[in-house]
Amino acid sequence: MALPPVPQNDPKAAYLAQRAAIDAAITRTLESGWYILGKETTAFEAEFAAAVGCRHGIGVGSGTDALILALRALGVAEGDAVVTVSHTAVATVAAIELTGATPLLVDIDRDTYTMDPAALARVLAAPPPGIGRIAAVIAVHLYGRPADLAAIGALTRRHGLRLIEDCAQSHGARFDGSLAGSIGDLACFSFYPTKNLGALGDGGMVTTRDDALAAELRALREYGWRGERYVSERTGMNSRLDELQAAILRVKLSRLAADNERRRALAARYDAGLRDILTVPTRDQRVEHAFHQYVVRTPRRDPLRAALGEAGIGSAIHYPVPIHLQPAYRGRIACAPSGLAETEAAAREILSLPMYPQLGEAAIDRVVEAMTEALALLGGGTSPPGRP
Ligand SMILES: Cc1ncc(COP(=O)(O)O)c(C=O)c1O
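Here the structure is a predicted model, which means the values were calculated and not measured. (Residues numbered from 1 in each chain as written. Predicted model: local features only at pLDDT ≥ 70, side-chain atom pairs only at ≥ 80, totals over all residues. Heavy atoms only, no water.)

Student: Can you help me understand the layout of surface pockets in this one?
Tutor: Empty space left among the atoms is revealed by rolling a probe the size of a water molecule over them. Within this model, the largest pocket holds a volume of roughly 280 Å³. Lining the largest pocket are 22 residues, and of these Ala89, Ala91, Ala168, Ser190 and Lys195 lie nearest its centre. If you list the elements that add at least two residues to the lining of the largest pocket, you get α4 (63-73), α5 (90-98) and β8 (186-190). Looking at the lining of the largest pocket residue by residue, the classes come out as ten nonpolar, nine polar and three charged. (1 Å grid on protein atoms, 1.4 Å probe; cavity = no way out; pocket = protein on both sides within 12 Å on 5 of 7 lines; lining within 4 Å. Points joined across faces, edges and corners; volume = space filled by probe spheres on them. Helix = DSSP H or I, 4+ residues; strand = E, 2+ residues; numbered from the N terminus. Nonpolar A, V, L, I, M, F, W, Y, C, P; charged D, E, K, R; others polar.)

Student: How do you make sense of the packing of α4 against helix α8 (residues 211-220) when you look at a structure like this?
Tutor: Each pair of packed helices can be described by the angle between their axes along with the distance between the axes. Close contact between α4 and α8 brings their axes to 9 Å; oriented N to C, the two are set at 125°. Judged on the interaxial angle alone, α8 and α4 are oblique. The element α4 and its partner α8 pack so that their crossing is right-handed. Here Leu69, Ala70, Arg72 and Ala73 of α4 lie close against α8, whose contacting residues are Leu213, Glu216, Leu217 and Leu220. (Axes fitted to C-alpha atoms, helices over the stretch in contact; angles between N-to-C directions. Parallel < 35°, antiparallel > 145°, perpendicular 65-115°, else oblique. Left-handed = near helix turned anticlockwise from the far one by under 90°. Contact = heavy atoms within 4.5 Å.)

Student: What exactly am I supposed to notice about the site of the ligand here?
Tutor: Lining the immediate surroundings of the ligand are 15 residues, of which Gly63, Thr64, Asp166, Gln169 and Ser190 lie closest. Between threonine 64 and the ligand, the recorded distance is 2.5 Å, taken from a side-chain N or O atom to an oxygen atom. Between glutamine 169 and the ligand, the recorded distance is 2.9 Å, taken from a side-chain N or O atom to an oxygen atom. Using a 2 Å cut-off from the grid points, one finds that the ligand occupies the largest pocket. Among the secondary structure elements, those contributing two or more residues to the shell around the ligand are α4 and α5. Residue classes in the shell around the ligand are distributed as six nonpolar, seven polar and two charged. (Near = heavy atom within 4 Å. Polar contact = N/O pair within 3.5 Å; in protein donor to acceptor, adjacent residues only side chain to side chain. Sits in = over half its atoms within 2 Å of the grid points.)

Student: I would appreciate a short explanation of the sheet that holds strand β7 (residues 178-179) in the present structure.
Tutor: Hydrogen bonding along the main chain pairs the strands of a sheet, whether they run parallel or antiparallel. With antiparallel pairing, the three strands of this open sheet are ordered in space as β7-β6-β10. Each edge of the open sheet carries a strand with a single partner, namely β7 and β10 (287-288). (Pairing = 2+ DSSP bridges.)

Student: Sorry, what's going on with the pairing of strand β2 (residues 81-85) here?
Tutor: Each regular strand carries side chains that alternate between the two faces of the sheet. Most of β2 sits inside the fold, with five of its five residues counted as buried. Neither face of β2 is exposed, since Ala81, Val83 and Val85 on one face and Val82 and Thr84 on the opposite face are all buried. Here five bridges tie β2 to strand β3 (residues 102-106), and the two strands are oriented parallel to one another. Following the sheet pairing, valine 85 is matched in β3 by valine 106. Where β2 meets strand β4 (residues 134-140), three bridges bridge the pair, whose relative direction is parallel. Bridging from a neighbouring strand, valine 83 pairs with valine 137 of β4. (Buried < 20%, exposed > 50% of the residue type's maximum accessible area, 1.4 Å probe, protein only.)

Student: Looking at this structure, I do not really get empty space enclosed by the protein. What am I missing?
Tutor: In this structure the tally under the stated criterion is three cavities of 30 Å³ or more. Lining the largest cavity are 20 residues, with Ala14, Lys195, Asn196, Lys252 and Asp259 sitting closest to its centre. For the lining of the largest cavity, the elements supplying multiple residues, two or more each, are α1 (11-17) and α10 (256-274). Broken down by class, the residue content of the lining of the largest cavity amounts to eight nonpolar, six polar and six charged. There is about 80 Å³ of room inside the second largest cavity. Together, Asp111, Thr112, Tyr113, Tyr143, Arg145, Pro281, Thr282, His289, Phe291, Gln293, Tyr294 and Val295 line the second largest cavity. Along the lines of polarity and charge, the residues of the lining of the second largest cavity split into six nonpolar, four polar and two charged.

Student: I would appreciate a short explanation of the pattern of salt bridges in the present structure.
Tutor: Two side chains that carry opposite charge are able to pair once their charged atoms sit near each other. Throughout the structure, instances matching the rule amount to 24 salt bridges. A salt bridge links arginine 297 to glutamate 349, with the nearest nitrogen and oxygen atoms 2.9 Å apart. Remark: glutamate 349 occurs in helix α12 (residues 341-349) and arginine 297 occurs in strand β11 (residues 294-297); sequence separation between them is 52 residues. Beyond isolated ion pairs, a larger network of salt bridges with shared partners links Arg28, Glu40, Glu47 and Arg250. (Salt bridge = Lys/Arg side-chain N within 4 Å of Asp/Glu carboxyl O.)

Student: Before we go on, may I ask you to explain the side chain of threonine 88 in this structure?
Tutor: Relative to the elements of secondary structure, threonine 88 occurs in the loop between β2 and α5. Among the polar contacts listed, one links the side chain of threonine 88 to the side chain of threonine 92, at a separation of 2.8 Å. Apart from residues no more than four positions distant in its own chain, threonine 88 is found in contact with Val93, Val140, Leu142, Tyr319 and Ile323.

Student: Can you help me understand the environment of tryptophan 225 in this one?
Tutor: Within the secondary structure, tryptophan 225 is located in the loop between α8 and α9 (243-253). Assessed through its relative accessible area of 12%, tryptophan 225 is described here as buried. Note: C-alpha distance between tryptophan 225 and methionine 237 (twelve residues apart in sequence) is 9.7 Å. Setting aside chain neighbours within four positions, we find tryptophan 225 in contact with Arg218, Ala219, Tyr230, Val231 and Ser232.

Student: Is there a simple way to think about the packing of aromatic side chains in this case?
Tutor: Any two aromatic rings considered together are summarised by their centre-to-centre distance and by the angle between their planes. Following the criterion strictly, the structure yields nine aromatic pairs and no others. Measuring from centroid to centroid gives 5.7 Å for tyrosine 113 and tyrosine 143, while their planes differ by 70°, and the two rings are edge-to-face. Taken together, the positions of tyrosine 113 in the loop between β3 and α6 (117-125) and tyrosine 143 in the loop between β4 and α7 (149-158) put the pair 30 residues apart, joining distant regions of the chain. Here tyrosine 143 falls in the buried class, since its relative accessible area comes to 3%. Between tryptophan 225 and tyrosine 230, the aromatic rings sit 5.3 Å apart at their centres with planes inclined by 75°, giving edge-to-face as the arrangement. Through a chain of ring-to-ring contacts, three or more aromatic side chains come together here, namely Phe44, Phe48, Phe189 and Phe191. (Phe/Tyr/Trp six-rings, centres within 6.5 Å; stacked < 30°, edge-to-face > 60°.)

Shown next as structure tokens:
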């Protein structure tokens, strides 16, 4: 008898795990008669901000909007440049362009898949010709692993730049004991359904310690209103986390820490089964990984992925085409003069395995077994020589 498929992600399983509480939160909100910026959003903003070690949380429509609003709140505008990576969800780069600013892309570190501080240092010392004032850096904590905020923060301070953390994949992760989202000037979260903290629709949040930035963000997300309703103090937009999603997220937030623990336990089980046959995620004492994704690396990626598919095991590539090579950006987006070799190499070799808190140990063992068999047939799966 065929085994049931193992999906790469399963947001429905997360709903079913808390079904009664989520259904009750939905009913409570529907019956309240108040659907936008009410008690649920206010309560969730405070609870989430506390959970990520920040004073303020501003609920918005999506993670993309969180990035746009964060950049606008910092005064980033047309003519400014913002440094980030090409190995990220396209939203990071799209948000920069949507503010009118120019993205400037730097390479990642081979072992962490996050911004290489040495590449950042090089581009800040010698930006490519034609780049305007560099105003900010967006560090993306990809896969749930915080970027090297010690090195990146030292560089942004030295150059007088603002630091935004893209925490769309890193709810509850830590760097040097501090929660991701509490370290930069502003941090942007997504509550897309598959995230570590996922809504049942779109949603996002900006967090900050800064009272003035928080007030600016609250105005910007709602037409530029500050004190008085229907009077715009500045040009804003409409991007508000709705009451239903906030009520659902309050329920799910109660499990975030336990869910992240579970993700780490599953990652450890993968590590034990896979570390001898391909490159598993590297570890760093300073980092508490939230394992939004468990990403392995092998030059046999494509045939391995096909074999997993035949065995009923879902996988994904985050991301298959670096942003600077995608049709919308290719040939026109500014890249660091030293190039993006590690970004391009990673895109050829990375594979995201099934990872979500409801995944069972038996499923992990099945994935490990299928990968071991496939790599034995394919003839080896380790990364280029000299790599662990
Ligand atoms: C790293 C990163 N940044 C930004 C976003 C954008 O979030 P959203 O899909 O909520 O707009 C995502 C999610 O897709 C992401 O993974």
